[in-house]
Amino acid sequence: MLKIGCHLSAAKGYWAMGRDALSIGANTFQFFTRNPRGGKARAIDPEDERKFLTLMREHEMGPVVAHAPYTMNVCSASEKTREFGCSVLADDLSRLERLPGTYYNFHPGSHVGQGVEEGVRMIADALNRVLTPDLQTVVLLETMAGKGTEVGRSFEEIREILDRVQCTEKLGVCLDTCHVFDAGYPIDSDPDGVLEEFDRVIGLKRLRAVHLNDSKNSRGSRKDRHELIGEGNIGFEALLRFIRRPALRNLPLILETPNDLAGHGQEIKKISEFWRKSEDNG
Ligand code: FE
Ligand code: FE
Ligand code: ZN
């Protein structure tokens, strides 16, 4: 079965997101754990959580993906910013223990001129502080486009973070198709090759979720501007070919395309139809 959904606004709570997802034919979704620019998380609402978990079970939804605020930078040059990032990480993870099976995705960070090696060291340090063996949530490192001084542009950089973390069984990777394309990987022309490379460097067992986006820019541009599926430089056919790879079976595919709820519904419908047709044709 295809697991597909989109990024949703968390403003109305978990249950409302679940209902929105269902209304557009999605069986997973992603949300920001708090204001994407940082700030305080919403108050815990046990009734909302209970209704949401029931809805998930009834409709066989999930796993869903929680996304950390993108301003969180655990490899900043400022100790205050790093500490703030660590406290957000820790707080988000403790809240997510209430929603078992949810993934926690975050952007590894920007080294802001300190160098990739130092960035990798700081990111691993942060993870070693917050990951404990009893944690239920699996934390996902997102592959990045390499805009500015972003760490995680290459599979090797992700590998280096993984190698430095102790509770490595709590770590996975979320592959963003726009990001890997903008980082230079030929996901448009050689999706199998990209996955082979991922397997060789990181290991396919780490791949737990996909951000399904087209790209406004060209391969290797290091820009990170998402486009609607089929309207960018990767293209509908290539993205569909990619999600049909056996390694992606049953992984949550999350659209982060510039669209509203109804528009996302149309994208999901189109992708599901083509996916079903290609399944029938073997
Ligand atoms: Fe992201
Ligand atoms: Fe993404
Ligand atoms: Zn992006």
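Look above for the structure.
Attention here is on the structure that accompanies the text. (Residues numbered from 1 in each chain as written. Chains lettered and ligands numbered in written order. Predicted model: local features only at pLDDT ≥ 70, side-chain atom pairs only at ≥ 80, totals over all residues. Heavy atoms only, no water.)

Observations regarding the overall build of the chain
Alright, step 1. From N to C terminus, the chain includes nine helices and 12 strands.
Alright, step 2. On C-alpha atoms alone, the chain measures out to a radius of gyration of 18 Å, which is about the 19 Å that the 2.2 N^0.38 rule sets for 282 residues.
Alright, step 3. Within the chain, the proportion of its 282 residues that are buried is 56%.
Alright, step 4. Put simply, the chain shows about 12300 Å² of open surface, and 48% of that area lies on carbon and sulfur atoms.
Alright, step 5. In the chain, the 38 positive side-chain charges and the 42 negative ones have mean positions that sit 3 Å from each other. (Helix = DSSP H or I, 4+ residues; strand = E, 2+ residues; numbered from the N terminus. Rg over C-alpha atoms; globule rule 2.2 N^0.38 Å. Buried < 20%, exposed > 50% of the residue type's maximum accessible area, 1.4 Å probe, protein only. Areas by Shrake-Rupley, 256 points an atom, 1.4 Å probe, with all protein chains shown as cover. Lys, Arg positive; Asp, Glu negative; His and termini not counted. Charge placed at Lys NZ, Arg CZ, Asp CG, Glu CD.)

Focus on the coordination of the iron ion (ligand 1)
Alright, step 1. Taken together, the protein ligands of the iron ion (ligand 1) are His67 (NE2), His107 (NE2) and Glu142 (OE), with distances of 2.1 to 2.3 Å.
Alright, step 2. Separating the iron ion (ligand 1) from the iron ion (ligand 2) is a distance of 3.2 Å, and glutamate 142 supplies a donor atom to each of them. With histidine 107 in the loop between β4 (103-106) and β5 (109-110) and glutamate 142 in strand β6 (residues 138-142), this residue pair connects regions lying 35 residues apart in the sequence.
Alright, step 3. For glutamate 142, a relative accessible area of 1% corresponds to the buried category. (Donors = N, O, S within 2.8 Å, 3.2 Å for Na, K, Ca; no water.)

Brief notes about the nonpolar core
Soluble globular proteins tend to pack their nonpolar side chains together in the buried interior.
Alright, step 1. Counting residues in each nonpolar core, the largest one holds 78 residues, and the members touching the most others are Phe29, Tyr104, Phe106, Leu127, Leu131, Ile243 and Ile271.
Alright, step 2. When residues of this core are assigned to their parent elements, the largest contribution, seven residues, is made by helix α4 (residues 116-130).
Alright, step 3. The next biggest cluster of nonpolar side chains, apart from the first, holds seven residues, and it includes Tyr103, Val138, Leu140 and Cys174. (Core = buried A, V, L, I, M, F, W, Y, C linked by side-chain atoms within 4.5 Å.)

Some words on the packing of α4 against helix α5 (residues 155-164)
Alright, step 1. Between α4 and α5, the shortest axis-to-axis distance is 9 Å and the interhelical angle comes to 40°. When the axes of α4 and α5 are compared, the pair comes out oblique. Crossing handedness for the pair α4 and α5: right-handed. For the pair α4 and α5, the contacting residues are Val116, Val120, Arg121, Ile123, Ala124, Leu127 and Asn128 in the first and Glu157, Glu160, Ile161 and Arg164 in the second.
Alright, step 2. Taken together, the residues of the contact of α4 with α5 sort by class into six nonpolar, one polar and four charged. (Axes fitted to C-alpha atoms, helices over the stretch in contact; angles between N-to-C directions. Parallel < 35°, antiparallel > 145°, perpendicular 65-115°, else oblique. Left-handed = near helix turned anticlockwise from the far one by under 90°. Contact = heavy atoms within 4.5 Å. Nonpolar A, V, L, I, M, F, W, Y, C, P; charged D, E, K, R; others polar.)

Structural notes on the packing of aromatic side chains
How two aromatic rings sit relative to each other is given by the distance of their centres and the angle of their planes.
Alright, step 1. Within the structure shown, the criterion is met by eight aromatic pairs.
Alright, step 2. Pairing tyrosine 14 with phenylalanine 31 gives two aromatic rings, centres 5.5 Å apart and planes at 80°, and the pair type is edge-to-face. Remark: phenylalanine 31 occurs in strand β2 (residues 28-32) and tyrosine 14 occurs in helix α1 (residues 14-23); sequence separation between them is 17 residues.
Alright, step 3. What makes tyrosine 14 buried here is its relative accessible area of 19%. (Phe/Tyr/Trp six-rings, centres within 6.5 Å; stacked < 30°, edge-to-face > 60°.)

A short note on the coordination of the zinc ion (ligand 3)
Alright, step 1. The coordination sphere of the zinc ion (ligand 3), as far as protein atoms go, consists of His179 (NE2), Asp224 (OD) and His226 (NE2), spread over 1.9 to 2.3 Å.
Alright, step 2. All donors to the zinc ion (ligand 3) come from one chain, and their sequence spacing reads H-x44-D-x1-H.
Alright, step 3. A gap of 5.3 Å separates the zinc ion (ligand 3) and the iron ion (ligand 1). Of this pair, histidine 179 sits in helix α6 (residues 177-183) while aspartate 224 sits in the loop between β10 (214-215) and β11 (226-227); the two residues are 45 residues apart in sequence, bridging distant segments of the chain. With respect to class, histidine 179 is no different from aspartate 224; both count as buried.

Quick look at the pattern of salt bridges
Alright, step 1. Under the definition given, this model contains 18 salt bridges.
Alright, step 2. Arginine 245 is the partner of aspartate 192 in a salt bridge, and the nearest nitrogen-oxygen pair spans 2.9 Å. Of this pair, aspartate 192 sits in helix α7 (residues 191-201) while arginine 245 sits in the loop between α8 (236-243) and β12 (253-255), and the two are 53 residues apart along the sequence.
Alright, step 3. Aspartate 192 gets classed as partly exposed once you look at its relative accessible area, which sits at 36%.
Alright, step 4. Look at arginine 245 and you get buried, because its relative accessible area is 19%. (Salt bridge = Lys/Arg side-chain N within 4 Å of Asp/Glu carboxyl O.)

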